[in-house]
Amino acid sequence: MSDLRPLAVLGGTFDPVHHGHLRAAWEAAEALDAEVRMVPARTPPHRPPPVADAAGRVALLRAALAGQNRLVIDTRELDRDGPSYTVDTLASLRADIGPARPLVLLVGADAFAGLASWHLWQELFAFAHIGVLTRPGGAQEPTGPLAGFVAGRRAARVHGPAGSVVDIAITPLDIAATAIRESFAAGNEPRFLLPSACFEDEALLAPYRALGH
């Protein structure tokens, strides 16, 4: 694999990981010809703590990713203390891969529209490109400070190590971890929203099934 092949990053709590996460990551890998690292968050700054602990969420990811090698797990946010700020993760990755290799932060269109609320958001562009995962008809144009900041950064493809904004079209899968947790809490089995491998070991989904008790 060339050292200059893009490295893309998809972060999240993955609480639990589901086909929406995985399909978006896979389509981004194909569109960018990139390795994609799935980076589970330790302490998300803007939401309640996850239902499953770090080890449980990693175990689910490992089960979900078995049998392929384009999507891999990166546990660096779980291995450090404190809130999981994306800028810190990108700085760490950039230090690992050097200054020349393209690095792409994958975000949904809704998250991108709110990027100006992120911790040290302008510094993200010094470390990486932003790959906006866009569903047909679902793109949101940025407003306020973000609109001006990215106006000259739009690009059709990734070129160079960092700094641009690239739209990546993905298949719209209306699957949400919140709805999956609610299904478990109601005593249901949300099969076919998660990879079947996640159901093969009873322990993997135990924290979610416990929501129904």
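Preceding this paragraph is the structure being described.
This write-up is about the structure you can find in this document. Predicted, not measured: the structure shown is a model, and the values here were computed from it. (Residues numbered from 1 in each chain as written. Predicted model: local features only at pLDDT ≥ 70, side-chain atom pairs only at ≥ 80, totals over all residues. Heavy atoms only, no water.)

### Topic: the pairing of strand β1 (residues 7-12)
Put simply, the rule reads: Pairs of strands are assigned from DSSP output, requiring at least two bridges between the strands. We count a stretch as a helix when DSSP gives it H or I for four or more residues in a row; a strand needs E for two or more, and each element gets its number in order from the N terminus.
Bridge count between β1 and strand β2 (residues 35-40): six bridges; the pairing is parallel. Residue pairing across strands places Leu 7 opposite Glu 35, the latter belonging to β2. The sheet contact formed by β1 and strand β4 (residues 103-108) spans four bridges and is parallel. Paired with Ala 8 across the two strands is Val 104, which belongs to β4.

### Considering the nonpolar core
To keep it simple, the criterion reads: Buried Ala, Val, Leu, Ile, Met, Phe, Trp, Tyr and Cys residues that are joined via side-chain atoms within 4.5 Å together make up what is termed a nonpolar core. For every residue, the accessible area obtained with a 1.4 Å probe (protein chains only) is divided by the maximum for its type, and the residue is called buried under 20%, exposed over 50%, and partly exposed between those limits.
Counting 36 residues, the largest nonpolar core has Leu 32, Met 38, Leu 106 and Leu 133 as the members making the most contacts within it. For this core, the elements supplying multiple residues, two or more each, are β1, α1 (19-32), β2, α2 (54-65), β4, β7 (165-169) and α7 (177-185). By residue number, the principal contributor to this core is α1, which donates six residues. In this structure, Val 9, Val 87, Phe 112 and Val 150 belong to the second largest nonpolar core, which totals 22 residues.

### Comments concerning the environment of Trp 26
Going by this rule: Contact between two residues is taken to exist if any of their heavy atoms lie within 4.5 Å; hydrogens are not considered.
By secondary structure assignment, the location of Trp 26 is in helix α1. Exposure remark for Trp 26: the relative accessible area of 26% places this residue in the partly exposed category. Put simply, Trp 26 and Arg 76 are 50 residues apart on the chain and 21 Å apart in space, counted from C-alpha to C-alpha. Leaving out residues up to four positions away in the same chain, Trp 26 has contacts with Gln 68, Arg 70 and Leu 71.

### Some thoughts on α1
Rules: Here the expected length of a helix is defined as 1.5 Å per residue gap, with one fewer gap than residues.
Over its 14 residues, α1 runs 20 Å from end to end, which matches the ideal 20 Å to within 8%, given 1.5 Å per residue. Of all the residues in α1, the buried ones are Gly 20, His 21, Leu 22, Ala 24, Ala 25, Glu 27, Ala 28, Ala 29 and Leu 32. Note on α1: the residue one or two positions beyond its end, Asp 33, has a positive phi of about 50°.

### Describing the layout of surface pockets
What counts is decided by this rule: Here a cavity denotes grid points, spaced 1 Å and computed from the protein atoms alone, that fit a 1.4 Å probe unable to get out, and a pocket denotes an open set having protein on both sides within 12 Å along at least 5 of 7 lines; residues with an atom within 4 Å of a point are the lining. Grid points are joined across faces, edges and corners, and a volume is the space filled by probe spheres set on the points. In this classification, the charged set is Asp, Glu, Lys and Arg, the nonpolar set is Ala, Val, Leu, Ile, Met, Phe, Trp, Tyr, Cys and Pro, and all remaining amino acids, among them Gly, are polar.
Its volume calculated, the largest pocket comes out at about 1,400 Å³. Lining the largest pocket are 46 residues, and of these Gly 11, Gly 12, Val 107, Gly 108 and Ala 111 sit closest to its centre. Mapped by element, the contributors of at least two residues to the lining of the largest pocket are β1, α1, α3 (86-97), β4, α4 (109-113) and α7. Class assignment of the residues belonging to the lining of the largest pocket gives a composition of 24 nonpolar, 15 polar and seven charged.

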